[in-house]
Amino acid sequence: MIQSKDIEISIGNSLEGLTRDIDILTVDDEKLERLVKSRQDSFSSIKEMLGIWQNSPNAPRQEKLITYTEKLIAAGNKTSEILRSALVKEIDFDDLDPEKYGSAIKSKPIIYRAISEIDSGIKVLQRQIETSTLTFKEQDFKPGFPERFAKQELFPEKDYHKEWYDEENESILICPKGTKGEVIELNGLKITLPEVPKKKSEILFSKLPIEEQYWKRIEIPKGLSPENEEEYSDYIEQEFKKRREGVWFMNNGKPTWVTPCHYMGLQWNQMLETGGYKDFRMAQCTMYYFALATIVDPRCVGKIFTKGRRSGFTEMALDHFMHYATSTKNNHFGITSKTGDDAVKAYTKFVYGLRNLPFFFIPVLKGKIDDTKKIEFGKPSDNSKISKKKRDTSTEDYLNVTIDYRATATLAYDSIAMKMYIGDEAGKWERPNNYIDHWTNVKPTMVQGGRVVGKALIGSTLNPLDKGGREFQTLYYGSDVRKRNSNGRTPTGLYGYFLPAHKNYEDFTDKYGICHEILQPGESIINSNGEKKTIGALQYLENEFKSAKSMGSKAYNNSRRLDPITLDDAFRDEMASQLLDTEKINTQSKYNRENNIEHNLVRGNFYEKDGIQDGEVIWKPQEDGRFLISWFPPKEMRNKHVMKNIFGRMTKCPVNDFGAFGVDSYDQDAVIDAKLVATENGIEYDLGSKGAMHGVTGTNMGDIPSNYFFVEYVARPKDAYTFFQDVLLCARFYSLPVLVENNKKMLLEHFYQRGYRGFSITRFDKDMNRLSPDEKKLGGMPNSGPDIIQKHWTSLEKYVNDYVGEYVCEDGEQPIREIGEIGDMPFNRTLGDWLKFDINNRTKFDASISSGLALMAVNREIYRPKVERKTVTLKIKRYRN
């Protein structure tokens, strides 16, 4: 076995040869090429021997390896000086035979390349000594700056983001170097920005006149190529430094910092749609601040972004992909979108940006750069005989990174460890796919043993609630940074961010990236396209909304949803018809959310105490309960009944008259299409028809609320009997009557067989003597026919106008509540159902049917047939006596 000492002697002897001085000026021109090749080979061979020594069984201590590496660097520098003398040495054409001119001239580029290669090797070794990552092997595909960056040879990560929390300001510290500047707050998240540099030389464009201080791309140095990259290594390394630290630039006299990923997008990540680069926009700048805060915060799994059209979310997410995928090791980056085709589009944008990066940012590729399925940064496959003889299968010097996309499916990326994930258009996943279920599968791939190891960037404009919007809305509201658990995490693990449309409208943004929202009369701005504008973005959008409103409520609603000014605009549901006042419903929903009305509601189920049939009905709060309750009657009013004769049969009847219930029933046990569409408060909703029950009060005196919905039930238990019992127990608990749709009779039969026929309201729009035998026996009311349908939706219309949203009293009307007062309808799910209610397709809207029946029931006196009183003229014959 060759001993370590033998290798050391060999290396020492070789170094002596490399450092031996030579008078380059005395060497014949035709011999220069051989001399240069000898010195270049000597440097590489000594480096190879150091690698052999490092990996030998008797490898030396690291300190000794460093000593010999430093000797090689010194020898290399000396050799480089000698070769530079050869490069500038004049060719003596007078003494040289003409046939040797070519050889002498040919030696010059060879000398140049040798100097570049030796200098490159010296710099690599110097960085390796600095970072204690010595490696000496030569590779067929030489790793470049991205691999060195990922291996921490350039600006190692350990020197950045040493702190992430600013205790003094209770904020996230996003400065890579830990400085503390201005504190901003975005969607409840406090963020400490970096401190402004004291030296103006560290701020781009600081020497320009103020009006010329705005973001401009800095062109790559002319002449820079893969062949001479080491000559420009200072420039290239500074670009990698910006990818660690971000960039300061003067913007209209104000120092402004852009994050590393934002810089990547502004300067280097070319966009497929335009073929150009991003303009700087302040609204997007804050979007990058928020994204960086979610990345450095170890409690957070990522960002969920609610937006309007063309906000720049996808490009922002791809900038993060571009930065991290080309600068980290052993990671997976994945993309999904609303459809598989849309995921392909996002992936294609990434590939386009990658292909147009400067060469020094592109890592070694394992496959093709234009692969339509995935991009892999890694050791290229080499099946040559030489490669097989080397048996070098190590991939440690390469990134080993994969970037791909997956079809829109709940299990996409299930169990695949992820460094970064883009959920593009996540609010548009349509049935049977479910984004909440998808997120519960993806999230664990970025959390290992409680530690966050990956980050998600999720964003979308919203589809209607029943077409993916509901799941996104649920996730967004579960990502409120002000509502954390004891681990410091939000329920989803994400942080929610909303960017209003009027703060990021391109046509009203000037060259400094400021979007002007409102301009006063006489004011004007010049936008980034050089066009004059006399109104601001908010004024423009309000004009558009006004025009849409003239086309009807549906157009107005969609217009505000696609260009949201507020979060509630973004979460507007689509309208199927224009029966009900959508603005009142949206105003009520917004009020409920802003005041956390639903947090004051209780969820649970009703049971018979101790399981005794017909015994006392009790209420049990349960997180997965089917009932949502806003008000309970006093104890003395609960569980009451009296016996009465109803059409010849003694039956139990309710005793309270402060309100009534409406029920939209079903008969079948089988669940129709059990794919999930949403999860709200722990309740999973299926696609099939559901049972629905609502309770509403009438006009009351005392402590009982008036015209108030107090029970909401929209659920599909596994069997119909459970639903029938739910309805009966609730009615018994409140001791109130129930109006049931009699097209489906099993619920009515259940009441009848249990002895509670008196709780079922008898049809009230017909004379008693005209009721059918079933209507007399069971009660209930049909929910079909033009007359009934008309009465049903007008009851909803009147309630919405009078008691939902902001109250407006028409001229000449008697006010029924305070002008401008917001209504008190607490159930947002029902409000959403009203918003979409389609009179021509009523079967889809269980909550609207049952709530409308409840309103008809509580106001049933107005629907009773009027008894006409006719004057009877008696003709009496008179006789003359």
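Everything in this summary refers to the structure shown in the same document. (Residues numbered from 1 in each chain as written. Predicted model: local features only at pLDDT ≥ 70, side-chain atom pairs only at ≥ 80, totals over all residues. Heavy atoms only, no water.)

**Things to note about the overall build of the chain**
The helix and strand inventory of the chain stands at 23 helices and 28 strands. Relative to all contacts within the chain whose residues are 6 or more apart in sequence, the contacts with residues 24 or more apart total 67%. Surface exposure of the chain reaches about 42100 Å², of which carbon and sulfur atoms provide 48%. (Helix = DSSP H or I, 4+ residues; strand = E, 2+ residues; numbered from the N terminus. Contact = heavy atoms within 4.5 Å. Areas by Shrake-Rupley, 256 points an atom, 1.4 Å probe, with all protein chains shown as cover.)

**Quick look at the sheet that holds strand E11 (residues 420-424)**
Here seven strands make up an open sheet; going across it, the order is E9-E10-E8-E11-E14-E7-E15 and the pairing mixed. Of all the strands in the sheet, the pair left with one neighbour each is strand E9 (374-377) and strand E15 (494-498). Going from strand to strand, the sheet's axes swing by 10° on average, the running direction of each strand aside. Where strand E8 (residues 331-336) meets E11, four bridges bridge the pair, whose relative direction is parallel. Looking at E11, one finds that Phe 333 is bridged to Met 420. Sitting on the sheet, helix H8 (residues 282-296) touches strand E7 (302-306), E11, strand E14 (455-460) and E15, and the angle it makes with E15 is about 175°. The sheet strands contacting helix H10 (residues 340-355) are E8, E9, strand E10 (401-405) and E11, and the helix crosses E10 at an angle near 140°. (Pairing = 2+ DSSP bridges. Axes fitted to C-alpha atoms, helices over the stretch in contact; angles between N-to-C directions.)

**Observations concerning the environment of Phe 145**
Within the element layout of this structure, Phe 145 appears in helix H5 (residues 145-150). Sequence separation of Phe 145 and Pro 363 is 218 residues, and the distance between their C-alpha atoms is 7.8 Å. Setting aside residues up to four positions removed in sequence, Phe 145 forms contacts with Arg 127, Leu 154, Glu 229, Glu 230, Ser 233, Ile 236, Glu 237, Phe 240 and Phe 360.

**Some points on the nonpolar core**
Grouped together as the largest cluster of nonpolar side chains are 76 residues, with contacts concentrated most on Ile 174, Ile 191, Phe 350, Phe 377 and Ile 403. Considering every element that reaches this core, the biggest residue donor is H8, with 11 residues. Membership of the second largest hydrophobic core comes to 38 residues, among which are Tyr 666, Ile 704, Ala 715 and Leu 748. (Core = buried A, V, L, I, M, F, W, Y, C linked by side-chain atoms within 4.5 Å. Buried < 20%, exposed > 50% of the residue type's maximum accessible area, 1.4 Å probe, protein only.)

**A short note on the environment of Tyr 232**
Take Tyr 232: it is sitting in the loop between strand E4 (189-192) and helix H6 (233-245). By relative accessible area, which is 23% here, Tyr 232 ends up partly exposed. Residues Tyr 232 and Pro 221, 11 residues apart in the sequence, show an inter-C-alpha distance of 8.6 Å. Setting aside residues up to four positions removed in sequence, Tyr 232 forms contacts with Pro 221, Lys 222, Gly 223 and Leu 224.

**Side note on the pattern of salt bridges**
Evaluation of the coordinates by the stated rule reveals 42 salt bridges. We note a salt bridge from Lys 198 to Glu 195, for which the minimum N-O separation is 3.5 Å. For Arg 754, the salt bridge is made with Asp 614, and the minimal N-O distance between the two is 2.9 Å. Here Arg 754 is found in the loop between helix H19 (746-753) and helix H20 (773-778), whereas its partner Asp 614 is found in the loop between strand E18 (602-608) and strand E19 (617-621), with 140 residues between them in sequence. Through salt bridges with shared partners, a single network forms among Glu 542, Arg 560, Asp 569, Arg 572 and Glu 583. (Salt bridge = Lys/Arg side-chain N within 4 Å of Asp/Glu carboxyl O.)

**Considering the packing of aromatic side chains**
By the definition in use, this model includes 55 aromatic pairs. Their ring planes at 55° and their centres at 4.8 Å tell us that Phe 149 and Phe 240 sit as a pair that is tilted. With a gap of 91 residues between them, Phe 149 in helix H5 and Phe 240 in helix H6 connect regions that are remote in the sequence. Neither Phe 149 nor Phe 240 differs from the other in exposure class; each is buried. Here Phe 240 and Phe 361 contribute two aromatic rings whose centre-to-centre distance is 4.9 Å and whose plane-to-plane angle is 85°, an arrangement assigned as edge-to-face. (Phe/Tyr/Trp six-rings, centres within 6.5 Å; stacked < 30°, edge-to-face > 60°.)

**Observations concerning the packing of helix H17 (residues 582-594) against helix H22 (residues 828-836)**
It is the contact of H17 with H22, at a shortest axis distance of 10 Å, that shows an interaxial angle of 160°. Compared by their axis directions, H17 and H22 come out roughly antiparallel. For the pair H17 and H22, the crossing hand works out as left-handed. On H22, the residues touching Thr 582, Ile 585, Asn 586, Gln 588, Ser 589, Asn 592 and Arg 593 of H17 are Asn 828, Leu 831, Trp 834 and Leu 835. Classifying every residue of the contact of H17 with H22 by side-chain character gives four nonpolar, six polar and one charged. (Parallel < 35°, antiparallel > 145°, perpendicular 65-115°, else oblique. Left-handed = near helix turned anticlockwise from the far one by under 90°. Nonpolar A, V, L, I, M, F, W, Y, C, P; charged D, E, K, R; others polar.)

**Here's the deal with the pairing of E15**
Side-chain direction in a regular strand flips from residue to residue, so the side chains alternate between the two faces of the sheet. Most of E15 sits inside the fold, with five of its five residues counted as buried. Side chains Leu 494, Gly 496 and Phe 498 of E15 all project onto a buried face; the interleaved residues Tyr 495 and Tyr 497 project onto the opposite face, where all are buried too.

**Considering H17**
Over its 13 residues, H17 extends 18 Å from the first C-alpha to the last, a length consistent with the 18 Å expected when each residue adds 1.5 Å. Taken as a whole, H17 has its buried residues at Thr 582, Lys 584, Ile 585, Asn 586, Gln 588, Ser 589 and Asn 592. Residues of H17 that are buried in the fold lie against helix H15 (553-562), helix H16 (567-570), helix H21 (786-803) and H22. Once H17 finishes, Asn 596 follows within two positions and takes phi at roughly 50°, a positive value. (Expected span 1.5 Å × (residues − 1).)

**Considering the sheet that holds strand E28 (residues 738-740)**
With respect to topology, seven strands assemble into an open sheet ordered E19-E18-E20-E27-E26-E23-E28, the strand pairing being mixed. Edge positions in the open sheet fall to E19 and E28, since each of these has one partner strand only. Taking the axes of each pair of neighbouring strands and ignoring which way they run, one obtains an average angle of 25° across the sheet. Here strand E26 (residues 691-697) runs beside strand E27 (residues 709-715); their pairing, made up of six bridges, is antiparallel.

**Quick look at the side chain of Ser 850**
Relative to the elements of secondary structure, Ser 850 occurs in helix H23 (residues 846-858). Setting aside chain neighbours within four positions, we find Ser 850 in contact with Gly 662, Val 663, Asp 664, Ala 692, Met 693 and His 694.

**Overview of unusual backbone geometry**
In this model, Arg 431 is joined to Pro 432 through a cis peptide bond whose omega is 10°. Structurally, Pro 432 can be placed in the loop between E11 and helix H12 (435-442). Positive phi is not limited to glycine here, since Glu 425 has a value of about 50°. By secondary structure assignment, the location of Glu 425 is in the loop between E11 and H12. With relative accessibility at 14%, the residue Glu 425 sits in the buried group.

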